[in-house]
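Listed below are the residues making up each chain.
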Amino acid sequence: MPAYLQLVQQVRQAIRLGILQPGDQLPTVKEVVTSLTINPNTVLHAYRQLDFEGLIEGRRGVGTFVSADPVPPPPDELKSLRSSLERWVERARSAGLDDESIAGLVGDALRPSTVSRVA
Amino acid sequence: MSESPALRTTQLGKRYGATWALRDCTLDVPTGSVTALVGPNGAGKSTLLHLAIGLSRATTGTVEVLGRSPISEASAVLPRLGFVAQDHPLHKGLTVAEMLTYGRKLNPTWDDELARRRIDELGLPPSRKVGKLSGGQQAQVALTLALAKRPELLLLDEPVASLDPLARREFLNAVMEVVAEHGVTVILSSHIVAELERVCDHLITLTEGHPQLVGRIDEIVASHRLLTGPRSDPSSVARVHHVIRETHTDRQTTLLVRAGGHVYDTCWEQHEVDLEEIVLAYLGYRPGVASRAPAAREVVTS
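Residues numbered from 1 in each chain as written. Chains lettered and ligands numbered in written order. Predicted model: local features only at pLDDT ≥ 70, side-chain atom pairs only at ≥ 80, totals over all residues. Heavy atoms only, no water.

**Comments concerning the overall build of chain A**
Along its length, chain A carries 5 helices and 3 strands. The secondary structure elements of chain A, listed N-terminal to C-terminal, are α-β-α-α-β-β-α-α. Counting every position in chain A, which comprises 119 residues, the buried fraction comes to 26%. When contacts within chain A are restricted to residue pairs at least 6 apart in sequence, those whose partners lie at least 24 apart make up 49%. (Helix = DSSP H or I, 4+ residues; strand = E, 2+ residues; numbered from the N terminus. Buried < 20%, exposed > 50% of the residue type's maximum accessible area, 1.4 Å probe, protein only. Contact = heavy atoms within 4.5 Å.)

This is the structure:
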């Protein structure tokens, strides 16, 4: 997966899980570059994409902020999803799967098309 | 993009005696990009960089840097370039402070404040002899000298090859910060691909003095596929896609292709392939074994 998409996903996920709240400031491009040793164009690309998706907004001369209304799922729904996932993980463990296999299975279910036989 | 590319070569060639160190090299490096120049030792990386900064003269073709000739318009071009040669040659007997004075006296556009601040941030004692510094610290001093010129184009010849992983990371970090702050265009040569994907957005591979793969890294990765299937003749695939590497076992054939569209043939299973594997395939690739796409100017817009 391209590096910029990895950044986009991390921010998106943080917003959905409420780790990033509306109005929170994102690090500057320079700060991201310094902490990750990554190409600034990659960071800019990621921020442009997030801006395009309406998740963040740049304020000229001030910085980049999480948009006021990024529509996270309602907290109740999130809680219920989490508890059913926990039950699922328990089931997988008792079926003898280790963490790596579980992660592999989840990853596989999320990306059904990485290995594709195109007809 | 209307402005001229940071580097443009046209049919560029350099011959040493009977050996062509670089031949038929036509490419553009867009302004603002961070370009990895990758190839095995002796592939022509240093030759290309030396031609770009006017250290040597082309045997054939032309090279333009920041829109000008680095030979006939050297006085207009050279102050705008920063160059760190392989193994960071410094005067080992001078102290760090003396090295900075040396840089200041030789360069009319020297930013002394930037140089001193960097040395200070790196925690290098100004009175220490350069030869007593670690390899990573020497590399940082060499980079500081190049950066204090406030270059528009920074050329780094194998900057991290001799450094340990931590020093490598610190060096690349310093380069990335300059790109973020000043929008410098960077070309860095390397024979190590692994850590370049994070820091570079464009790629040039050189094999035996000839560029094989030139373009944006994300486009390069997106356009290549690994196809595996039962052992078979790849000629039907080769009619549509450009086969870079084919390997066969008793039962299975694996092809690395530059896809000219979707792969429709159902007997092939396709996988994504990472940059390192693509580069390795090209470095082992000989034009003529599989046919090469016609080499028009291989431009990439940033």
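**Some thoughts on the overall build of chain B**
Looking only at helices and strands, chain B features 10 helices and 13 strands. Taken over the C-alpha trace, chain B has a radius of gyration of 21 Å; the compact-globule value for 302 residues is 19 Å, and the two agree within 12%. Its C-alpha atoms put chain B at 65 × 40 × 40 Å along the principal axes. Scored against the burial criterion, the 302 residues of chain B give a buried share of 50%. Accessible surface, chain B as shown: approximately 13700 Å² in total, 50% of it carbon and sulfur. Distance between charge centroids for chain B: 6 Å, based on 32 positive and 35 negative side chains. (Rg over C-alpha atoms; globule rule 2.2 N^0.38 Å. Areas by Shrake-Rupley, 256 points an atom, 1.4 Å probe, with all protein chains shown as cover. Lys, Arg positive; Asp, Glu negative; His and termini not counted. Charge placed at Lys NZ, Arg CZ, Asp CG, Glu CD.)

**Thoughts on the pattern of salt bridges**
Residue and element names in this part refer to chain B. The tally for this structure, following the rule as stated, stands at 16 salt bridges over all chains. Across the pair Asp218 and Arg216 runs a salt bridge, and its minimum N-O distance is 3.1 Å. The exposure class assigned to Asp218 is partly exposed, which follows from its relative accessible area of 28%. On the basis of relative accessible area, Arg216 is assigned to the buried category, the value being 18%. (Salt bridge = Lys/Arg side-chain N within 4 Å of Asp/Glu carboxyl O.)

**Concerning the domain arrangement of chain B**
Residues and elements named next belong to chain B. Splitting chain B by domain gives domain 1 (7-208) and domain 2 (218-295). Facing the 11 residues of domain 1 at the interface are 9 residues of domain 2. Between domain 1 and domain 2 lies a buried interface of about 870 Å² when both sides are counted; carbon and sulfur atoms form 71% of it. Taken together, the links from domain 1 to domain 2 amount to 0 salt bridges. Looking at which element gives the most residues to the side of domain 1 that touches domain 2, the answer is strand 8 (residues 202-207), with 4 residues. Here the side of domain 1 that touches domain 2 is built from residues that sort into 6 nonpolar, 3 polar and 2 charged. (Domains from an automatic or database assignment. Buried area = accessible area lost by both parts, 1.4 Å probe. Nonpolar A, V, L, I, M, F, W, Y, C, P; charged D, E, K, R; others polar.)

**Section: the environment of Gln86 of chain B**
Residue and element names in this part refer to chain B. With respect to the helices and strands, the residue Gln86 is situated in the loop between strand 5 (81-84) and helix 3 (96-106). Each C-alpha atom, one on Gln86 and one on Leu156, is 7.7 Å from the other, the two residues being 70 residues apart in sequence. Those residues within four positions of Gln86 in sequence are excluded, and the remaining contacts are Ser46, Asp157 and Glu158. Within the structure, the side chain of Gln86 is placed 3.4 Å from the side chain of Ser46, a separation counted as a polar contact. (Polar contact = N/O pair within 3.5 Å; in protein donor to acceptor, adjacent residues only side chain to side chain.)

**Considerations on the sheet that holds strand 10 (residues 224-230) of chain B**
All names here are of chain B. Here 4 strands make up an open sheet; going across it, the order is 11-12-10-13 and the pairing antiparallel. The two strands at the open ends of the sheet, each matched to only one other strand, are strand 11 (242-248) and strand 13 (269-272). Ignoring strand direction, the axes of neighbouring strands in this sheet form an average angle of 25°. For strand 11 and strand 12 (residues 252-258), the ladder comprises 6 bridges, and the chain directions are antiparallel. Across the sheet, the residue bridging to Arg245 is Leu256, located in strand 12. (Pairing = 2+ DSSP bridges. Axes fitted to C-alpha atoms, helices over the stretch in contact; angles between N-to-C directions.)

**Comments concerning the pairing of strand 8 of chain B**
Residues and elements named next belong to chain B. Within strand 8, 6 of the 6 residues are buried, leaving the element largely enclosed by the surrounding structure. In strand 8, alternate side chains face the same way, and those of His202, Ile204 and Leu206 on one face and Leu203, Thr205 and Thr207 on the other are all buried. In this sheet, strand 9 (residues 210-216) lies alongside strand 8 in antiparallel orientation, the contact comprising 6 bridges. Its bridge partner being in strand 9, Leu206 is matched across the sheet by Pro211.

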